[in-house]
Amino acid sequence: LRSLFTEAKHPERVFAGVVQQNAPIDKDCLYEFCALMAEPSSSKSALKTKSKTTNGAENPNSNEQGSRYGPHNCPHWSQVRMIRMTHKEAKGPVYARAIQATLVVDEDDFCMQIDAHTKFIKHWDTRTLDQWGMANNEYAVLTTYPTNVHDLYKNSNNHWEMPHLCHASTQGAGVVVNGRASAVANLERPILAPLWAAGLSFSRCHAERNVPNDINLKSIFAGEEYGRGARLWTHGYDFYSVSRPIIGTFYGSEKKGGGQGNRNNQEFRESRARLATLLKWPGSDQSEEAISKLGTYGLGTRRSLEEYATWSGINTITGKVEKHCIVDYVPWKSKRSEYNEYQPAGIEVVKNEAWRASLIKQHDTISGTYKGIVGKIEQDKELFVNLVVFVVIVLIVLGVLVVYTSTSFKKGLKSVIPKYSS
């Protein structure tokens, strides 16, 4: 959070939404951020925020520190939205990423999911928007494994070598794991890539609304990326490797993770079977009932899974795996509503409070603690871009979703997309 706000060119446009899953010994993300950013006030008027966990119990991390901080002494306090859970409620990174969608508000236009063991480059906000604009594609998703945090400002091998995902391997029914990133160099603009990565995913927010993380994939870590990538691509989204670093990630032991956490073996088996059905794995349940159970988390209709298998080189239908590093754009089957928000067949995904409430109720997850801490944004006659960051703190993988909001931008997007770097 500190890096997010302090390195942004326009921190006033940044909002963070945190889905926190802490043990009693863990520090609360918001209060620890406040401690880093400002000294606590001794005033008796300090805001007390005793939050609740998803089962209604008082959060063990929100008492002592919570009584010391508030909007009066913590920079960006009102720009952070939070859902607090206990570590016992955690069900893996995909589950947490799905919950984070409940924090997306109607005004949010640009979304960026990252891992929390991440640092931001100076002026990352305008740099990212500039990269996305250069793709000249409303359905562009900037995605790759980020640069090592120690190489953020380095011109790798003197030709700006950048990570490029183009290889994966299969590890049993339903599980496809991205391989180590290859490299592209001397790019003047982002380049099409065949695979999606959870560590960096930047797009318009309709990607999050129309192809949300599958909340039913519990206790899953390996395999989440190819499954969601296939869904995004068949819904019409395109993946691009960035031409210059935007964020840096701590790798290996520097992540300082706490291990894999607890895995429910029954949930794990059910999740793998669900992924196998989605990806048409040999021997998987392809019955009408199984496909119907995918619901709104199924494949899109703008391109087919068979096309994605041929294009990406990872064929989950036949088991054949190839490395496809240079790929061409694949047109949609239909050009309808090309620059309008896409509503997939089946359950309609809309951007209102009723949808967020039904998502939680339908899957018997959480009631959340988000109480609309973000005030109403005043309309400005001049173009402005609000950047909204959603931080998903998971026991195993700390997932972060960064959402960029542009009120004026929503009035329309022409076929030629300008650079938002001012």
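Residues numbered from 1 in each chain as written. Predicted model: local features only at pLDDT ≥ 70, side-chain atom pairs only at ≥ 80, totals over all residues. Heavy atoms only, no water.

J.: What am I meant to see in the overall build of the protein chain here?
T.: Scanning the protein chain from terminus to terminus reveals ten helices and 16 strands. With 422 residues in all, the protein chain has 56% of them scored as buried. Restricting the contact set of the protein chain to residue pairs at least 6 apart, pairs at least 24 apart contribute 78%. Accessible surface computed for the protein chain: about 18700 Å², of which carbon and sulfur atoms make up 50%. (Helix = DSSP H or I, 4+ residues; strand = E, 2+ residues; numbered from the N terminus. Buried < 20%, exposed > 50% of the residue type's maximum accessible area, 1.4 Å probe, protein only. Contact = heavy atoms within 4.5 Å. Areas by Shrake-Rupley, 256 points an atom, 1.4 Å probe, with all protein chains shown as cover.)

J.: What should I look at first to understand helix H9 (residues 305–312) in this one?
T.: Residues of H9 that are buried: Leu-305, Tyr-308, Ala-309, Trp-311 and Ser-312. Looking at the buried positions of H9, the neighbouring elements they touch are strand E11 (191–193), helix H6 (224–234), strand E13 (238–241) and helix H7 (265–278). Downstream of H9 by one or two residues, Gly-313 has phi in the positive range, about 90°.

J.: Would you mind showing me how to read the side chain of Glu-208 here?
T.: Along the chain, Glu-208 falls in helix H5 (residues 206–210). The class of Glu-208 is buried, set by a relative accessible area of 6%. Here Arg-228 takes part through its side chain, which lies 3.2 Å from a polar atom of the side chain of Glu-208. (Polar contact = N/O pair within 3.5 Å; in protein donor to acceptor, adjacent residues only side chain to side chain.)

J.: Which parts of the structure should I look at to understand the sheet that holds strand E6 (residues 147–148)?
T.: Adjacent strands of a sheet pair through backbone hydrogen bonds, lying either parallel or antiparallel. Across the sheet, which stays open at both edges, the three strands sit in the order E4-E14-E6 with mixed pairing between neighbours. The strands lining the two open edges of the sheet, one partner per strand, are strand E4 (118–120) and E6. Relative to strand E14 (residues 247–249), E6 is paired through two bridges, and the arrangement is parallel. Counterpart to Asn-148 in the pairing with E14 is Thr-249. (Pairing = 2+ DSSP bridges.)

J.: What exactly am I supposed to notice about the packing of aromatic side chains here?
T.: What describes a pair of aromatic rings is the distance from one ring centre to the other and the angle between the planes of the rings. In the structure shown here, the tally under the stated rule is eleven aromatic pairs. Between the aromatic rings of Phe-120 and Trp-124, the centroid separation amounts to 4.7 Å while the plane-to-plane angle is 45°, which identifies the pairing as tilted. Residues Phe-120 and Trp-124 agree in their burial class; the two are buried. Taken together through their ring pairs, the aromatic side chains of Tyr-226, Trp-233, Tyr-308 and Trp-311 make up a single cluster. Sitting over the face of the ring of Phe-268, Arg-263 holds its NZ or CZ atom 3.9 Å from the ring centroid. (Phe/Tyr/Trp six-rings, centres within 6.5 Å; stacked < 30°, edge-to-face > 60°. Lys NZ or Arg CZ within 6 Å of the ring centre and 35° of its normal.)

J.: I keep staring at the state of the cysteines and nothing clicks. Help me out?
T.: Disulfide: a covalent bond formed between the sulfur atoms of two cysteine residues. Throughout the structure, instances matching the rule amount to three disulfides. A sulfur-sulfur distance of 1.9 Å marks the disulfide that ties Cys-111 to Cys-205. On the sign convention where negative is left-handed, the bridge of Cys-111 and Cys-205, at about 115° about the S-S bond, is right-handed. Here the residue Cys-111 occupies a position in strand E3 (residues 108–115), and Cys-205 occupies one in the loop between strand E12 (200–204) and H5, the gap between them amounting to 94 residues. (Disulfide = S-S within 2.5 Å.)

J.: Whenever I open this one, the pattern of salt bridges confuses me. Can you help?
T.: Pairing between side chains becomes possible if they bear opposite charge and their charged atoms approach one another. Within the structure shown, the criterion is met by 15 salt bridges. Between Asp-109 and Arg-204 there is a salt bridge, with its nearest N and O atoms 3.8 Å apart. You can see Asp-109 sitting in strand E3 and its partner Arg-204 sitting in strand E12, a full 95 residues away along the chain. The same class applies to Asp-109 and to Arg-204, which are both buried. Linked through salt bridges whose partners overlap, the residues forming this network are Asp-109, Glu-138 and Arg-204. (Salt bridge = Lys/Arg side-chain N within 4 Å of Asp/Glu carboxyl O.)

J.: When you look at the environment of Ala-290 in this model, what are you seeing that I'm missing?
T.: Mapped onto the secondary structure, Ala-290 falls in helix H8 (residues 288–293). On the basis of relative accessible area, Ala-290 is assigned to the buried category, the value being 12%.

J.: Please clarify how the side chain of Thr-249 should be interpreted in this entry.
T.: Here Thr-249 lies in strand E14. If near-sequence neighbours (up to four positions away) are discounted, Thr-249 is found in contact with His-117, Thr-118, Pro-146, Thr-147, Asn-148 and Val-149.

J.: Would you take a moment to explain the confidence of the model for the protein chain for this structure?
T.: Detailed reading of the predicted coordinates is not advisable wherever pLDDT falls low. Looking at the protein chain, pLDDT values average 76 and 71% of them are 70 or higher. A low-confidence stretch, residues 40–63 (pLDDT under 50), is modelled with 60 contacts involving residues beyond four sequence positions or located in other chains. Low pLDDT, under 50, characterises residues 337–422; the stretch is placed with 264 contacts to residues that sit more than four places away or in other chains. (pLDDT = per-residue confidence, 0-100.)

J.: What should I look at first to understand the packing of H6 against H9 in this one?
T.: Helix packing for two helices is described by the angle between their axes and how far apart those axes are. Direction vectors running N to C along H6 and H9 enclose 115°, while the axes themselves pass 10 Å from each other. On the basis of the axis angle, H6 is roughly perpendicular to H9. In this structure, H6 meets H9 at a crossing whose hand is right-handed. Only Leu-305, Glu-307, Tyr-308, Trp-311 and Ser-312 of H9 make contact with H6, whose side of the interface consists of Tyr-226, Gly-229, Ala-230, Trp-233 and Thr-234. Of the residues in the contact of H6 with H9, the class split is six nonpolar, three polar and one charged. (Axes fitted to C-alpha atoms, helices over the stretch in contact; angles between N-to-C directions. Parallel < 35°, antiparallel > 145°, perpendicular 65-115°, else oblique. Left-handed = near helix turned anticlockwise from the far one by under 90°. Nonpolar A, V, L, I, M, F, W, Y, C, P; charged D, E, K, R; others polar.)

J.: Would you mind going over the nonpolar core with me for this structure?
T.: Within soluble globular proteins, side chains that are nonpolar tend to cluster in buried spots. Core analysis: the biggest nonpolar cluster contains 72 residues, and Leu-30, Met-112, Trp-124 and Tyr-308 have the highest contact counts within it. The element best represented in this core is helix H2 (residues 29–37), accounting for five residues. Counting nine residues, the second largest nonpolar core, distinct from the first, contains Met-85, Tyr-95, Ile-99 and Tyr-297. (Core = buried A, V, L, I, M, F, W, Y, C linked by side-chain atoms within 4.5 Å.)

J.: Explain the pairing of E13 here, please?
T.: Residues in a regular strand project their side chains so that they alternate between the two faces of the sheet. The alternating pattern of E13 places Asp-238 and Tyr-240 on one face and Phe-239 and Ser-241 on the opposite face, and all of these are buried. Across three bridges, the pairing between strand E5 (residues 140–143) and E13 is parallel. Each bridged residue has a counterpart across the sheet, and for Leu-142 the counterpart in E13 is Tyr-240. Alignment of E11 against E13, held across three bridges, turns out to be antiparallel. Bridge assignment links Ile-191 to a residue of E13, and that residue is Ser-241.

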